[in-house]
Amino acid sequence: MRDNEATVLVGEKCILVPYRRQHVQRYHEWMADPVLQQQTASEPLSLEQEYDMQASWHDDPDKLTFIILAKSPSLDRRGNGGISGTDHAIASAAPSSPPSPSGPREGESIDEWLQAWPMCGDVNMFFQPASDDDAEEAEGHATSASPYLPTPKLLDAECELMIADPQYRRHGIGREALLLLLTYARCTPSLSIYRPPPPRPRTQDLPAQAQTDVRVRFMAKISLANAPSLALFRSLGFATVRISDVWAEAELHLRDEDVQTLIRSQLPLNTLMWPVDSCA
């Protein structure tokens with residue numbers, strides 16, 4: 001979505017940046033790995049298709065996507081914000097001095113600062129109306145597919161996390177990235193998902209579409225074979241609500257009270273703006 005196209009979230013162990021065209025080459029290299037394809041239930045795409053997908057996600061109001069940059073001092077800091085391939089040359093040496101952990105120093109641009117941190121994965125949310133049964137149970141009344149009646153108040157936010165580079169796994173980076181995303185999604189009321197749709201015109205005797213508040217429920221669908229991801233999400237309070245034998249995956253939900261606890265435990269160190277027209 002465009003809502004986060006200039007937003008940078010800075011944590012202790014990682015930095016979340018919007019998924020931009022300059023990240024696609026590295027992302028495409030990752031997704032050529034059959035193991036990652038299996039874990040993420042993804043089909044291999046050509047590089048051109050990957051660029052098209054990035055542009056589509058950027059414009060889609062139902063997809064919130066961030067690239068993860070690693071900050072761990074125990075790992076190789078070479079890299080430049082994940083920029084690679086034909087867009088930019090990869091940095092060949094580590095910075096002469098450690099970058100500031102919370103943002104650019106005086107006289108340093110955000111482009112220069114981000115180039116100090118290597119790209120290691122991505123974290124996403126995909127928003128969609130909850131099923132009728134779930135929405136009815138949560139809201140106390142049935143929902144309708146009619147475009148002239150109120151839209152469902154309950155919106156599912158499906159969370160996905162991928163630490164693609166193995167050297168950055170088991171360092172707490174994925175956990176922090178997911179917490180930063182949850183905090184951003186819950187605490188940013190300006191996101192388009194919270195804005196009611198414009199009322200539809202009246203047709204015959206049908207009323208205009210009602211404006212309703214949106215309640216977001218965080219959930220995840222994870223392959224039963226992906227034990228590390230299942231363990232991570234469960235450690236954050238996600239509980240299994242159903243198992244799909246057909247898709248061999250578990251569906252996990254996070255309770256509202258647990259969301260508030262997680263948000264209090266993980267606020268970003270800093271929130272920066274990365275100009276959309278930046279050439280970084």
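Everything numeric in this text was worked out from a predicted model, so none of it was measured.

## Side note on the nonpolar core
With 44 residues, the main nonpolar core has I68, M125 and F218 as its most contacted residues. Tallying contributions element by element places helix α6 (residues 173–187) first for this core, with nine residues. Ignoring sequence-local partners within four residues, the contact set of F218 consists of M125, A157, C159, L182, A185, R186, F238, L252, H253, L254 and V259. Of all hydrophobic cores here, the second largest spans 24 residues; its members include V8, V17, W113 and M119.

## Some points on the environment of H58
Note that H58 resides in helix α3 (residues 47–59). Between the C-alpha atom of H58 and that of R20, which follows or precedes it by 38 residues, the distance is 8.1 Å. The contact partners of H58, leaving out residues within four places of it in the chain, are M1, R2 and E5. Side-chain polar atoms of H58 contact the side chain of D59, separated by 3.0 Å.

## Focus on the confidence of the model for the protein chain
Taken as a whole, the protein chain shows an average pLDDT of 82; of its residues, 76% reach a score of 70 or greater. Considering only residues more than four positions removed or in separate chains, one finds that residues 84–95, a stretch of pLDDT under 50, has 23 contacts. In the model, residues 206–211 has pLDDT below 50 throughout and makes 20 contacts with residues more than four positions away in sequence or in other chains.

## Concerning the state of the cysteines
Tallied over the entire structure, the rule returns zero disulfides. Distance from the sulfur of C120, which forms no disulfide, to the nearest cysteine sulfur (C14) is 7.2 Å.

## Topic: the pattern of salt bridges
A full pass over the atoms with the stated rule returns 10 salt bridges. Here R2 and E5 are joined by a salt bridge, their closest N and O atoms 3.7 Å apart. Overall, R2 belongs to the partly exposed group, its relative accessible area being 48%. Look at E5 and you get partly exposed, because its relative accessible area is 22%. For E257, the salt bridge goes to R255, with nearest N and O atoms at 3.4 Å. The network of salt bridges with shared partners includes R2, E5 and D59.

## Let's talk about α3
With 13 residues, α3 extends 19 Å from end C-alpha to end C-alpha; this agrees with the ideal 18 Å at 1.5 Å per step. Among the residues of α3, those classed as buried are E50, Y51, Q54 and W57. For α3, the buried positions fall inside an angular range of 125° around the axis, keeping them on one side. Pointing more than 90 degrees away from the buried face of α3 are the exposed residues E48 and D52. Close packing links the buried residues of α3 with α1 (24–30) and β3 (63–70).

## With respect to the environment of Q167
Turning to its location among the elements, Q167 is positioned in the loop between β5 (154–163) and α6. Accessibility expressed as a relative area gives 37% for Q167, which makes it partly exposed.

The rules behind the values
- Residues numbered from 1 in each chain as written.
- Predicted model: local features only at pLDDT ≥ 70, side-chain atom pairs only at ≥ 80, totals over all residues.
- Heavy atoms only, no water.
- Core = buried A, V, L, I, M, F, W, Y, C linked by side-chain atoms within 4.5 Å.
- Buried < 20%, exposed > 50% of the residue type's maximum accessible area, 1.4 Å probe, protein only.
- Helix = DSSP H or I, 4+ residues; strand = E, 2+ residues; numbered from the N terminus.
- Contact = heavy atoms within 4.5 Å.
- Polar contact = N/O pair within 3.5 Å; in protein donor to acceptor, adjacent residues only side chain to side chain.
- pLDDT = per-residue confidence, 0-100.
- Disulfide = S-S within 2.5 Å.
- Salt bridge = Lys/Arg side-chain N within 4 Å of Asp/Glu carboxyl O.
- Expected span 1.5 Å × (residues − 1).
- Arc of directions from axis to C-beta.

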